[in-house]
Amino acid sequence: LAQVARGVEALHAVGIVHRDLKPGNVLLAQDGRAVVVDLGLALSPDSDQRLTKTGAWVGTAQYVAPEQLSGAAPTPRTD
C-alpha cells in the first residue's frame, strides 16, 4: 500500500489526478513492486483539456469519489 501511495503522490506532484484508482489499476512487477497503471482517465486539473462533458464523472462506480459524483472538479483528494 505504501508503494501505491508513493506512486500516486508522484502523479500528484506533477499535477496529475488519476481519477480511476482501484485495485485493478495496481499491478505487481516481477520484482514485487506495486505499480499504478491505466492513466487513460488521468487529468491535470490545471489543464483545460477535457475528454468528458462538463459535470460528467468518469471512473469505476464502486470506486468513484463522492465529489466526482457531485460534478466537482477533480483534485488530488479525488484519488
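Nothing here was measured: the structure is a model prediction, and the numbers come from that model.

(A) The arrangement of the pattern of salt bridges in detail. Considering all chains together, one arrives at two salt bridges under this definition. Note that aspartate 20 and lysine 22 form a salt bridge whose closest N and O atoms lie 3.6 Å from each other. A relative accessible area of 8% means that aspartate 20 is categorised as buried. Judged by its relative accessible area of 22%, lysine 22 falls in the partly exposed class. In this structure, the salt-bridge partner of aspartate 31 is arginine 33, at a minimum N-O distance of 2.7 Å.

(B) Quick look at the environment of proline 76. Here proline 76 shows up in the segment after helix 2 (66-69). C-alpha of proline 76 to C-alpha of leucine 11: the two residues are 65 residues apart in sequence and 9.0 Å apart in space. Excluding anything up to four places from it in sequence, proline 76 contacts His12 and Val17.

(C) Structural context of unusual backbone geometry. Here the phi dihedral of arginine 19 falls at roughly 70°; this positive angle occurs in a residue that is not glycine. One non-glycine residue, aspartate 38, adopts positive backbone phi at about 60°. Its place among the elements puts aspartate 38 in the loop between strand 2 (34-36) and helix 2.

(D) Here's a closer look at the environment of glycine 15. With respect to the helices and strands, the residue glycine 15 is situated in the loop between helix 1 (2-13) and strand 1 (26-28). Glycine 15 gets classed as partly exposed once you look at its relative accessible area, which sits at 22%. Each C-alpha atom of the pair glycine 15 and serine 44 lies 5.5 Å from the other, and the pair is 29 residues apart in sequence.

(E) Region of interest: the environment of alanine 65. Examined against the element boundaries, alanine 65 turns out to sit in the loop between strand 2 and helix 2. Alanine 65 sits in the buried class, given a relative accessible area of 8%. Placed 14 residues apart in sequence, alanine 65 and aspartate 79 show a C-alpha to C-alpha distance of 7.3 Å.

(F) Examining the confidence of the model for the chain more closely. Of the residues in the chain, 85% have a pLDDT of 70 or more, and the chain-wide mean is 84. Element-level mean pLDDT values for the chain span from 82 in helix 2 up to 97 in strand 1.

Parameters and conventions
Residues numbered from 1 in each chain as written. Predicted model: local features only at pLDDT ≥ 70, side-chain atom pairs only at ≥ 80, totals over all residues. Heavy atoms only, no water. Salt bridge = Lys/Arg side-chain N within 4 Å of Asp/Glu carboxyl O. Buried < 20%, exposed > 50% of the residue type's maximum accessible area, 1.4 Å probe, protein only. Helix = DSSP H or I, 4+ residues; strand = E, 2+ residues; numbered from the N terminus. Contact = heavy atoms within 4.5 Å. pLDDT = per-residue confidence, 0-100.

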